[in-house]
Amino acid sequence: MFGTTEMQINMGPQHPSTHGVLRLELKLDGERIVDTRPVIGYLHRGCEKLGEDRTYAQAIVYTDRMDYCAAFAENLVYAEAVERLLGVEVPPRAQYMRVVLAELQRIASHLIWLGTHAMDIGALTVFVYGMREREFILDLFESYCGARLTYNAVRVGGMPEEFPEGWVEEARRFCDVLPSRLDEYHQLLTANRIWLARTRGVGTIDGKTALDWGMTGPCLRGSGVAYDVRKAIPYEAYADLDFDVPIGEAGDTYDRYLCRMEEIRQSRRIVLQALDKLPGGEIRGKVPRRIKPPKGEVYHVNEGPRGELGVYLVSDGSEHAYRCRFRSPNFVNLQALPDMVRGHLVADVVAVIGTLDIVLGCVDR
Amino acid sequence: MSKIVRPEDSVLRRFLLLELFAGLWVTLKHQFRPHVTQEYPRERPELRPRFRGVPRLRDHPGAEGPLCVACNQCALACPDHCITVVAEDRKGGKGKQPKSFHIDYERCCHCGLCVDACPTKPITAIYMSHDYEMAQYARDDFMTDLRGLYEGHVPREYKR
Amino acid sequence: MSETLLRFVVVPVAQIAVVIAALLLIVVYLVLLERKINAFMQVRLGPRRVGWHGLLQTVADVIKLFTKEDITPRHVDRLVFLLAPVVIILPALAAFAVIPFSGGSFRVGSVGVRAWISDVNVGLLYLLAITSLGVFGVVMAGWSSNSKYPMLGGLRSAAQMVSYEVPLGLSVVSILMLAGTASLVGIVQAQESAGRWFLFWTPYPQILGLFLYFVSGVAETNRLPFDLPEAENELVAGFHTEYSGMKFAFFFLAEYINMVLVGCLVAVLFFGGWLPVTFGIPGLREPLSNFFPFWGGAGAMLTGFFWFGLKVFLVLFLYLWMRATYPRYRYDQLMRLGWKVFIPLGLGHVMVTALAILVRRG
C-alpha cells in the first residue's frame, strides 16, 4: 500500500555545475541515483558540417570553437591532419613551437578543470587561484597570436608567426612560478580530509571498462591504463622530449585528480625542455596558397588535454574537405557517466562531471 | 610512465587536523597578497602588440590614396563571409580602390585570416585593431562601413 | 505606576528595538565582510562601486531585494510558502532575548538598565529549544515550494539540523556542569569568579567542547563546509530556490543572524562573554574591564561591548575563513560525521568533564 516511487529530476541544461548546457535526467531513490541519462546537443553548431563547407584554412577557425578551453590542441590536430593529406613536412622549429604551445594549453586547460572541479565540490578559492595562473598562459597566447581563447594559432604547414621578443623569457618565468602555486593547490586539496572523502571511491571505473567505453586521456590513465598518444604514436617533436605519463591505480576521482595535477608538472617539464632545444630556421613548410590536397582520406590523432583528439578527413581533391569528422574525447568520456554514478548520491554526480572534465562545446560540436 | 604520488597518511595528521590548518594557512597568506584583478572599465587591460580586436582599415602616408586596393582577397579568406567589398577605379592612378567596404562585426570571429590574405604587405590595409568594446543596441549597427572602419571605436572614459 | 511602566514596558521595548536594529546593521556589514574577506583571500578586491570601498554595497542589495517584484509561483502551497520565511526568522531573532552582551549597568530614573533583554534562569534550555525551531522554516520552505530541488534541500537540512543538535547540546552540557547554572549571565559570572574562561578551565580545558560546539554550530547554520541544504553546485539554491525578493531576503537574514548567534554563544560559553582579554595577567583585569571609569557602570558596559564584539568577530572571521578554504562534505558523510564521531566525542567529553569536576572537588 505504501510504496515509494523514484523521483525523476532534471539536472541542467541550466544548472550551475553541468559545465555548460549538459542536461542529465536523474532517476533518484531518495538521494541515491538509480539511473542517469545524459542529454546532449544544446550546443550543437555543426562544426563538422562547416568543416565540409569551408576551405581547409578556414576550417581551423571553427576548430577553435569546439573545445574552447583547449583551442590550440584542436587547431593542431586539424592542421596535422591536413598536412598528412598534403604530405607536407613541418620545419623543426615550428614543431617545437607547437609542442611549447600545446603543453601550455594543456596546463591552462587542466587549471580550468582544477578550478571548476574544486568549485563543484565547494572549494571556491581554488577556482580563483587556478584562473590566476591560467591568466599567465592566456597572456602568453595573446602575446603570441593575439587572441586569448580562440587562437587560430596554427597554419597548415607550420606556424603563422615567430615568437615575439621576450616571449621565451616570459614563458620561462611562468614555468618558474608554477611549482610553488601547484604546492598551494596541493596544500588546499590533496590531503584535505573533506576532499578525500568527496573524491576517493567516487566515480570508480576500472581500466577494462574504461577501455570498453573508449575513454582516453587522464580519465583512462587514472584507471591504470598507460596510454598516451604522445608516447604511443609520437607526433611533432614529442619523440625527442623526455617526460613521464602519470598513471593512477584505483580509477576513482581522486586518482584522476592526482594524475592531472602530475600532468601539469610534466607539461611544465616539456615546455622547459622544448624551449631549451628550440631550433632555428623556417617556421612554415612549403604549402601552396590554395590548399588542394590530393584525393584520399586520413585519420589523425593527438593527445589533447582531455584525451585522444581525432580528425577524420576525406579529400575529393577540391579546396573543401568532402567529409570532416572529429573524435571528441569529451563526448566519448561522457558516455561512461551513467556507469560511474550509478548507486552514488546526487552530490557525486557533480564531482564526476567535474572529474570527466567535459567541455560541452566539444561534446556537441 | 610513472605512478602518481599519494600524500602520506599519519596518525598525528589525522587527529590534529593538520591538513585542515595547512589549508587555512594558504588562504590566510593570500589575504595579504595584492589583488590580481582589474577594475574594468575604470582600469583597462594592457593589450599585447599582437592583440586581435575587430578588423579595421588603415592608410599609410607613403601610399597614394587609400592603401586598400579592393582586391577582395580578405572577403574570400573570411570564414564567416562577413566582408563585402565593392571596387571602383582608383582616382588619379592605376588599379582600384574600395567604393564601399563593409564588415559585419556581428559575424566577425576575429580570426585574422583577412590580414594574412591582404596583399599590401608589409603594411596591410586591413589590420586587427585593438578595439574590443563592440556592444551595440541594434543589429544593424554592427554593419560597419568605410568611415567606421577608418575611425574605429573611441572607448569611453569611466571615472569610478 | 510610571516606574512600573518604565521597568516593564519602556526599557524592554527600547532594548529589543536596539538589539534588532543593531542585529540588522551587523548582518548588513557581515555580508559585506564576508564578500570582502573572501575576495581578499581569493586575491580579488570585492565590491567597490557603491560607496567608499563598497561600504554601501549591501545597503544597495537590500534596497534591490525590497523593491523587487515578489513572485509566488503558481504551484506552491501558498499559506505554508508565505509562513516559512517568518517561521525561520522569528526564532533566530528571539534567541537574542537571553544573550548577555555586556556587563555593567546604568540607571534611567530609578530603573537599572543592563545589557541584556532578560536573564532567564533556563537561558541555555531556551536557546536550545528556540534555535531548533528554525528547522521548521526550512522544511516548510522546502516542502511548500512543491519543486524537486527545494524538497531535496529541505530534507537534507531537516536531517542535518536535527542530528547536529545533539553534539551541540552535549558540548553545552559540560558548560552547564561547570557553571552550575543555565542562565547565560550566570555562566559569564561563573567564569568571572573562577578567574578564567571555560576554554582554559583546569584541569580539563574545554577545547574539545569549543571544537564540538563550533563545528556543530557551523552545521546548524548551514555554512560551508556543511552547507548541503543550499549547496549551489548540486541543488541550485536548495530550499529557497523558489523564493525571491523580500522572502528570499528573510532566509538570507536568518542565516546570518544565526551565524551571529553562534558567535555570541561561543563568546559567552567559552570565551567569557564580556570579560576582557587579560592573558592571565591579574593586574590587567581592572583597567581592561572599564576603559571609561569616569562613566561608571555605563563605561563598563561599553567596554564589555568591545570585548564581546571582538570575540564574536573572531568567531565570525573563522566562519568566513573556513568558507574560503574548504570543500563541502557530502550528505551521507555529514550524517556519519555527526552520529559516529561527534556524538560519541560529545558523550566522552561530558564524562571527562564530570570526572575533572570530581577531581577538582577532591
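Conventions and cut-offs
Residues numbered from 1 in each chain as written. Chains lettered and ligands numbered in written order. Predicted model: local features only at pLDDT ≥ 70, side-chain atom pairs only at ≥ 80, totals over all residues. Heavy atoms only, no water. Contact = heavy atoms within 4.5 Å. Buried area = accessible area lost by both parts, 1.4 Å probe. Salt bridge = Lys/Arg side-chain N within 4 Å of Asp/Glu carboxyl O. Helix = DSSP H or I, 4+ residues; strand = E, 2+ residues; numbered from the N terminus. Nonpolar A, V, L, I, M, F, W, Y, C, P; charged D, E, K, R; others polar. Buried < 20%, exposed > 50% of the residue type's maximum accessible area, 1.4 Å probe, protein only. Pairing = 2+ DSSP bridges. Axes fitted to C-alpha atoms, helices over the stretch in contact; angles between N-to-C directions. Phe/Tyr/Trp six-rings, centres within 6.5 Å; stacked < 30°, edge-to-face > 60°. Lys NZ or Arg CZ within 6 Å of the ring centre and 35° of its normal. pLDDT = per-residue confidence, 0-100.

K.L.:
Let's hear about the interface of chain C and chain B: which residues, and what values?
P.N.:
In this complex, chain C contributes 15 residues to the contact, which on the side of chain B involves 19 residues. Taking both partners together, chain C and chain B bury about 1,500 Å²; carbon and sulfur atoms supply 61% of that area. Between Glu39(B) and Arg48(C) there is a salt bridge, and its shortest N-O distance comes to 2.9 Å. Of the residues forming the side of chain C that touches chain B, the biggest block, five residues, is contributed by helix 12 (residues 297-325) of chain C. Taken together, the residues of the side of chain C that touches chain B break down into eleven nonpolar, one polar and three charged.

K.L.:
Any details on the pattern of salt bridges? Residues and values, ideally.
P.N.:
Under the criterion given, the structure shown has 50 salt bridges over all chains. Residues Arg50(B) and Glu161(A) are paired through a salt bridge, measuring 3.7 Å at the closest nitrogen-oxygen approach. Highlighted residues: Arg50(B) in the loop between helix 2 (18-31) and strand 2 (55-57) and Glu161(A) in the loop between helix 5 (124-145) and helix 6 (167-190), drawn from two different chains. Here Glu161(A) falls in the partly exposed class, since its relative accessible area comes to 34%. For the salt bridge of Arg336(C) with Asp332(C), the shortest nitrogen-to-oxygen distance reads 3.5 Å.

K.L.:
So what's going on with the pairing of strand 7 (residues 321-327) of chain A? Residues and values would help.
P.N.:
All names here are of chain A. Summarising the sheet, strand 6 (residues 307-315) and strand 7 pair through six bridges and their orientation is antiparallel. Within strand 7, the position partnered with Val314 by the bridge is Arg323. Connecting the antiparallel pair strand 6 and strand 7 is a turn made up of five residues, with Gly317 showing a positive phi of about 90°.

K.L.:
Talk me through the sheet that holds strand 5 (residues 296-304) of chain A; I want residue IDs and the actual numbers.
P.N.:
Residue and element names in this part refer to chain A. Reading across from one edge, 5-6-7 is the order of the three strands in this open sheet, with antiparallel pairing throughout. The open sheet is flanked by strand 5 and strand 7, the only strands paired with a single partner. On average, each strand axis in the sheet is tilted by 15° relative to the strand beside it, whichever way the strands run. Packing against the sheet, helix 3 (residues 71-86) makes contact with strand 5, strand 6 and strand 7, and its axis sits at approximately 150° to strand 5.

K.L.:
I'd like a rundown of the pairing of strand 4 (residues 96-104) of chain B, residues and numbers included.
P.N.:
Residue and element names in this part refer to chain B. As judged from the seven bridges shared by strand 3 (residues 83-89) and strand 4, these two strands associate in the antiparallel manner. Each bridged residue has a counterpart across the sheet, and for Ile83 the counterpart in strand 4 is Ile103. Hairpin remark: strand 3 followed by strand 4, antiparallel, with six residues in the connecting loop; positive phi at Gly92, about 65°. Pairing between strand 4 and strand 6 (residues 143-144): two bridges, direction antiparallel. In the sheet register, Asp104 faces strand 6, and the bridge partner there is Met143.

K.L.:
Requested: an account of the packing of aromatic side chains, with residues and values cited.
P.N.:
Residues and elements named next belong to chain A. Tallied over the entire structure, the rule returns 26 aromatic pairs over all chains. Plain terms: the ring middles of Trp113 and Tyr257 are 6.1 Å apart, the flat faces sit at 45° to each other, and that makes the pair tilted. Of the two residues, Trp113 sits in helix 4 (residues 92-120) while Tyr257 sits in helix 11 (residues 253-277), which places them 144 residues apart along the sequence. Pair check on accessibility: Trp113 and Tyr257 agree, each one buried. Positioned above the aromatic ring of Tyr254 is the side chain of Arg200, whose terminal nitrogen or guanidinium carbon lies 5.5 Å from the ring centre. In this structure, Lys231 is placed above the aromatic ring of Phe243, and the distance from its NZ or CZ to the ring centre is 4.3 Å.

K.L.:
Describe the confidence of the model for chain C, with residues and values.
P.N.:
Taken as a whole, chain C shows an average pLDDT of 82; of its residues, 95% reach a score of 70 or greater. With a pTM of 0.87, the predicted complex shows an ipTM of 0.83.

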